[in-house]
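Examination of the molecular architecture
Given next are the chains, with one letter for each unit.
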Amino acid sequence: EFEDQRPFYDWLLEKLAQHGKLQRPLPQQIEFSRLNLTYIITSKRYLKQLVDEKHVDGWDDPRMPTLAGLRRRGYTPAAIQAFCERIGVTKDYSWIDYATLEGCLREDLEAKAHRAMVVLDPLKLELTNWAEVFGSGDHLEPCSLPALPHAAEGETVPERRFSLGREVWIEREDFAEVPPKGYKRLFPSNRVRLKGGYVIECTGCEKDAAGQVTKVLATVVPDTKSGTPGADSVKVKAAITWVGVADGVNAEVRMYDRLFSDAHPDAGGKNFLESLNPNSLKVVTAIVEPSLSNAKPDDKFQFERHGYFVADRVDHTAGKPVFNLAVG
C-alpha cells in the first residue's frame, strides 16, 4: 500500500521542501512486510478484543505479543534484538516460526541465568537410614552447587547453598513403582544420585487408600557425597533434582504456553478466538531451593530440567515468590 503511493509521497515532500516546510535531506520511505509470527496475532484490534473480553490479564499478560507482555514473560532486550537481526527485513509475506524467538531467548540466558533446583510436582522422599548414618534424624547436611556451571575463565562463580536432611521433595515423575523400559530414575532397588548430594537406593514406597503413591522410601549410601573423596565409588546412571523439606520455599509458578493452538489463528478469515489454547496457563505450587528466596522482580533463572523462568515483575514479593515460565 505504501509502494503504490510513493509518487504522491515524494511529490508532497518535494513541494513542502520548496516552501520551506521541510528541511533536506527529506524523509526516506522504506517498505517492509509485517512480522508474521506463528501462534501469534499482531492485529491491534484483535489484541484489544483479547484484553476487553478478558481472555488475557491485560496488555502486559505474559502471553501477549506486546513489549510489556514479552518483558513480563522474561524476554530480554538482547533476545528480541537478536531475533530481529536473525529474521532480517523483507518485503515477502512469509511466516516466521515462533521457535526462532524462543531460541534467541535461550541463547541469551544460557550464560546469564543462575541455576536452581525446583520441584513442580512434589512427592516426598524419606531416607530411612538417615539417623543411623549421621547419628540423628534431625541432622542437616550442607550441600552446594555453582549458580553458573559454565562461567567464563576468571569469572567468580557464586554458589548456591542448601541442606539435605532425612526428608526431601522430588518430582513425582522421578519415581516409578514399575519402571518402563529404559527408565533410569527411582524404582525399587535402583540407585540414583541426589544432585549435589548423596547416592541413594530406593527401597519402596507408601500409598494411600486409592493406591496413589504418597511417599518414596530410600536409603542413603554413605561416603558418596558430591565433591568429596570417594564420591564416585558407586556408579549410577542418573542424577535427580530435589529440594530439602527443611529449607525448601513454597512458590507460585505460572506455566505459560502459547496463547493459540493454531499456528495461523487469524489466517484465511478464521475466528481467532476458536484457536485459543485452553492450557496456555497452568498455575502450580512448587517447592524451590532457598537461594530463590532472595530473588528480585525480573530476575531470571534456569530451573534445572524445566526451563528458564523469571520472577514476576508485578506480583513477586519476598513473602510470596511468583515465577513465570519464559521458555522451556
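Below is a short write-up of the structure. Note that this is a predicted model, so its numbers are computed, not measured.

**What to know about a nonpolar patch on the surface**
Together, Phe8, Trp11 and Leu12 make up a nonpolar patch on the protein surface, roughly 330 Å² of accessible area in all. When you line up the elements, leucine 12 lands in helix α1 (residues 6-18). The exposure class assigned to leucine 12 is partly exposed, which follows from its relative accessible area of 33%.

**Some thoughts on the sheet that holds strand β9 (residues 191-194)**
In a beta sheet, neighbouring strands pair by backbone hydrogen bonds and run either parallel or antiparallel. Strand order in this open sheet of 7 strands is β12-β9-β10-β11-β5-β8-β13, and the pairing throughout is mixed. At either end of the open sheet lies a strand with only one pairing partner, and these are β12 (239-240) and β13 (242-244). Where β9 and β12 come together, 2 bridges link them in parallel fashion. In the sheet register, leucine 194 faces β12, and the bridge partner there is isoleucine 240.

**What to know about the nonpolar core**
Residues Leu125, Leu164, Ile170, Leu186, Ile200, Val216 and Trp242 are the most contacted members of the largest nonpolar core, which totals 25 residues. Examining the composition of this core, we find that 4 residues originate from one element, strand β11 (residues 213-220), more than from any other. Residues in contact with tryptophan 242, not counting those within four places in the same chain, are Met117, Val119, Phe162, Ser163, Leu164, Val168, Trp169, Ile170, Leu194 and Lys195.

**Topic: the sheet that holds strand β16 (residues 300-303)**
With mixed pairing, the 7 strands of this open sheet are ordered in space as β3-β16-β17-β18-β14-β15-β4. Each edge of the open sheet carries a strand with a single partner, namely β3 (114-116) and β4 (118-119). In this sheet, strand β17 (residues 307-311) lies alongside β16 in antiparallel orientation, the contact comprising 4 bridges. Paired with phenylalanine 303 across the strands is glycine 307, a residue of β17. Taken strand by strand, helix α5 (residues 98-110) contacts β3, β16, β17 and β18 (322-327), and its axis lies near 120° from that of β18.

**Quick word on the side chain of aspartate 247**
Relative to the elements of secondary structure, aspartate 247 occurs in the loop between β13 and β14 (249-256). A distance of 2.8 Å separates the side chain of aspartate 247 from the backbone nitrogen of serine 163, its partner in a polar contact.

**Details of the packing of aromatic side chains**
The geometry of an aromatic ring pair comes down to the distance between the two centres and the angle between the two planes. If you walk through the whole model with that rule in mind, you get 10 aromatic pairs. Ring centres of phenylalanine 301 and phenylalanine 323 lie 6.1 Å apart, and the angle between their planes is 80°; this geometry places the pair in the edge-to-face category. Taken together, the residues phenylalanine 301 in strand β16 and phenylalanine 323 in strand β18 connect sequence positions 22 residues apart. Each member of the pair, phenylalanine 301 together with phenylalanine 323, is buried. Site record: aromatic cluster; members linked through ring pairs are Phe301, Phe303, Phe309 and Phe323. The ring of tyrosine 39 carries arginine 258 above its face, with NZ or CZ at 4.4 Å from the centroid.

Cut-offs applied
- Residues numbered from 1 in each chain as written.
- Predicted model: local features only at pLDDT ≥ 70, side-chain atom pairs only at ≥ 80, totals over all residues.
- Heavy atoms only, no water.
- Patch = residues over 30% accessible without salt bridge, like charges linked within 9 Å, V, L, I, M, F, W, Y side chains within 5 Å.
- Areas by Shrake-Rupley, 256 points an atom, 1.4 Å probe, with all protein chains shown as cover.
- Salt bridge = Lys/Arg side-chain N within 4 Å of Asp/Glu carboxyl O.
- Helix = DSSP H or I, 4+ residues; strand = E, 2+ residues; numbered from the N terminus.
- Buried < 20%, exposed > 50% of the residue type's maximum accessible area, 1.4 Å probe, protein only.
- Pairing = 2+ DSSP bridges.
- Core = buried A, V, L, I, M, F, W, Y, C linked by side-chain atoms within 4.5 Å.
- Contact = heavy atoms within 4.5 Å.
- Axes fitted to C-alpha atoms, helices over the stretch in contact; angles between N-to-C directions.
- Polar contact = N/O pair within 3.5 Å; in protein donor to acceptor, adjacent residues only side chain to side chain.
- Phe/Tyr/Trp six-rings, centres within 6.5 Å; stacked < 30°, edge-to-face > 60°.
- Lys NZ or Arg CZ within 6 Å of the ring centre and 35° of its normal.

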